[in-house]
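Given next are the chains, with one letter for each unit.
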Amino acid sequence: MSKSAELAALIQARAGAAPVRLGLILGSGLGHLAAAVQGVAIDYADLPGFPHAAVSGHDPKLVVGDLEGVRVAVFGGRAHYYETGNPAAMRLPLEVLKALGAEAVIATNAAGSMRADIRPGDLMLLSDHINFSGLNPLIGEPTEARFVPMTDAHDPALRARLRAAADAEGVALPEGVYAWYSGPSFETPAEIRAIRLLGGDAVGMSTVPEVILARFLGLRVAAISSVTNMAAGLGTERISHEHTKAMAPLGAVKLEKVLRRMLRGLGNDPI
């Protein structure tokens with residue numbers, strides 16, 4: 001039995017065997033959403049091989065249960081490249097999500113905006129991404145499955161569901177391109193100017209490895225940024241992790257409304 005199958009069996013023994021339909025990965029300051037799930041919380045420490053996820057603002061627990069009538073698995077924390085030097089640090093959790101039966105995953109993150117019309121406290125739905133770091137979680141994968149096509153990696157149908165949910169809730173959800181910067185230092189103003197020239201609308205230190213891994217595993221993907229600051233050189237606030245944690249809950253309130261409305265609209269339809 002594979003490691004992911006073993007962990008899936010362990011999770012099902014505690015949370016029930018019903019298949020999960022959707023995974024949700026929570027970014028910095030967004031962990032309170034896991035508390036909305038009616039189910040079982042399992043510490044990452046009890047899941048051998050799961051990342052430590054030691055960044056403050058994350059709650060390293062996997063919560064499996066029901067949210068608005070849909071069975072979900074919520075990752076309260078993620079491992080970042082800058083913690084481990086391993087861009088594939090989230091591979092095992094996503095393999096476990098697939099083994100639990102999930103069809104899709106929604107990733108969330110805290111990000112800096114490079115657009116004047118997307119301000120701190122706003123949300124941005126990712127239409128695409130730029131791997132500005134140049135790293136890839138599939139380096140070293142021995143099979144030819146590593147050649148993953150990334151056209152429409154951010155699933156159009158799933159994005160349409162999220163846009164419709166946002167419209168129904170009266171929440172602005174502009175789309176934009178997210179650029180992955182490795183961190184942990186923040187970007188320089190010159191780097192931000194370069195990313196803007198490349199077509200980026202927001203920048204952050206996560207999500208892109210998970211999108212690549214999810215597509216490799218056959219999971220459909222959507223992602224939403226909670227904007228916590230204007231990127232370096234574009235605003236007056238002092239950028240810091242503490243500022244990120246303080247500002248993320250503003251977007252989290254809107255994000256919860258959008259996700260709940262989307263899930264209520266699913267019923268038994270395919271995600």
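Analysis parameters
- Residues numbered from 1 in each chain as written.
- Predicted model: local features only at pLDDT ≥ 70, side-chain atom pairs only at ≥ 80, totals over all residues.
- Heavy atoms only, no water.
- Helix = DSSP H or I, 4+ residues; strand = E, 2+ residues; numbered from the N terminus.
- Rg over C-alpha atoms; globule rule 2.2 N^0.38 Å.
- Buried < 20%, exposed > 50% of the residue type's maximum accessible area, 1.4 Å probe, protein only.
- Contact = heavy atoms within 4.5 Å.
- Areas by Shrake-Rupley, 256 points an atom, 1.4 Å probe, with all protein chains shown as cover.
- Core = buried A, V, L, I, M, F, W, Y, C linked by side-chain atoms within 4.5 Å.
- Axes fitted to C-alpha atoms, helices over the stretch in contact; angles between N-to-C directions.
- Left-handed = near helix turned anticlockwise from the far one by under 90°.
- Nonpolar A, V, L, I, M, F, W, Y, C, P; charged D, E, K, R; others polar.
- Salt bridge = Lys/Arg side-chain N within 4 Å of Asp/Glu carboxyl O.
- Phe/Tyr/Trp six-rings, centres within 6.5 Å; stacked < 30°, edge-to-face > 60°.

*Asks:* So, the overall build of the chain: which residues are in play, and what are the values?
*Replies:* Tallying secondary structure elements over the chain gives seven helices and nine strands in all. Since a compact globule built from 271 residues should have a radius of gyration of about 18 Å, the 17 Å found for the chain is in line with a globular shape. Overall size of the chain, expressed as C-alpha extent along the three principal axes, is 50 × 45 × 35 Å. Of all 271 residues assigned to the chain, the portion counted as buried reaches 53%. Long-range contacts, defined as pairs at least 24 residues apart, comprise 83% of the intrachain contacts of the chain with a sequence gap of at least 6. For the chain, the accessible surface area stands at approximately 11,000 Å², while carbon and sulfur atoms represent 53% of it.

*Asks:* Would you mind going over the nonpolar core in detail, with residue names and values included?
*Replies:* Grouped together as the largest cluster of nonpolar side chains are 43 residues, with contacts concentrated most on Ile11, Phe50, Leu62, Leu94 and Leu97. If we ignore the near neighbours within four places in the chain, the residues touching Leu94 are Ile25, Val105, Glu210, Leu213, Ala214, Leu217 and Leu219. By size, the runner-up hydrophobic cluster in this structure holds 30 residues, among which are Leu22, Val72, Val74 and Val171.

*Asks:* I'd like to hear about the packing of helix α1 (residues 3-15) against helix α3 (residues 91-99), residue by residue, with values.
*Replies:* Orientation of α1 relative to α3, taken along the N-to-C sense of each, is 60 degrees, at an axis distance of 8 Å. Where α1 crosses over α3, the handedness of that crossing is right-handed. For the pair formed by α1 and α3, the contact residues are Lys3, Ser4, Leu7, Ala8 and Ile11 on the first element and Leu92, Glu95, Val96 and Ala99 on the second. In terms of residue class, the contact of α1 with α3 is built from six nonpolar, one polar and two charged.

*Asks:* Which residues make up the pattern of salt bridges, and what values do they have?
*Replies:* Within this structure, the stated rule accounts for 17 salt bridges. When the shortest N-O distance is used, the salt bridge between Glu210 and Arg78 registers 2.7 Å. One end of the pair, Glu210, is in helix α6 (residues 208-216); the other, Arg78, is in the loop between β4 (70-75) and α2 (81-84), with 132 residues separating them in the sequence. What makes Glu210 buried here is its relative accessible area of 5%. For Arg78, a relative accessible area of 1% corresponds to the buried category.

*Asks:* Explain the packing of aromatic side chains to me, and be specific about the residues and the numbers.
*Replies:* Counting across every chain of the model gives four aromatic pairs. Aromatic side chains Phe50 and Phe75 sit 6.4 Å apart centroid to centroid with 20 degrees between the ring planes, which places their arrangement in the stacked category. Of this pair, Phe50 sits in the loop between β2 (38-43) and β3 (61-67) while Phe75 sits in strand β4, and the two are 25 residues apart along the sequence. Both residues of the pair, Phe50 and Phe75, belong to the buried class. Between the aromatic rings of Phe132 and Tyr181, the centroid separation amounts to 6.4 Å while the plane-to-plane angle is 25 degrees, which identifies the pairing as stacked. With Phe132 in the loop between β6 (123-130) and α4 (156-169) and Tyr181 in the loop between β7 (175-180) and α5 (189-198), this pair connects stretches of sequence that are 49 residues apart. Through successive ring pairs, a cluster of aromatic residues spans Tyr44, Phe50 and Phe75.

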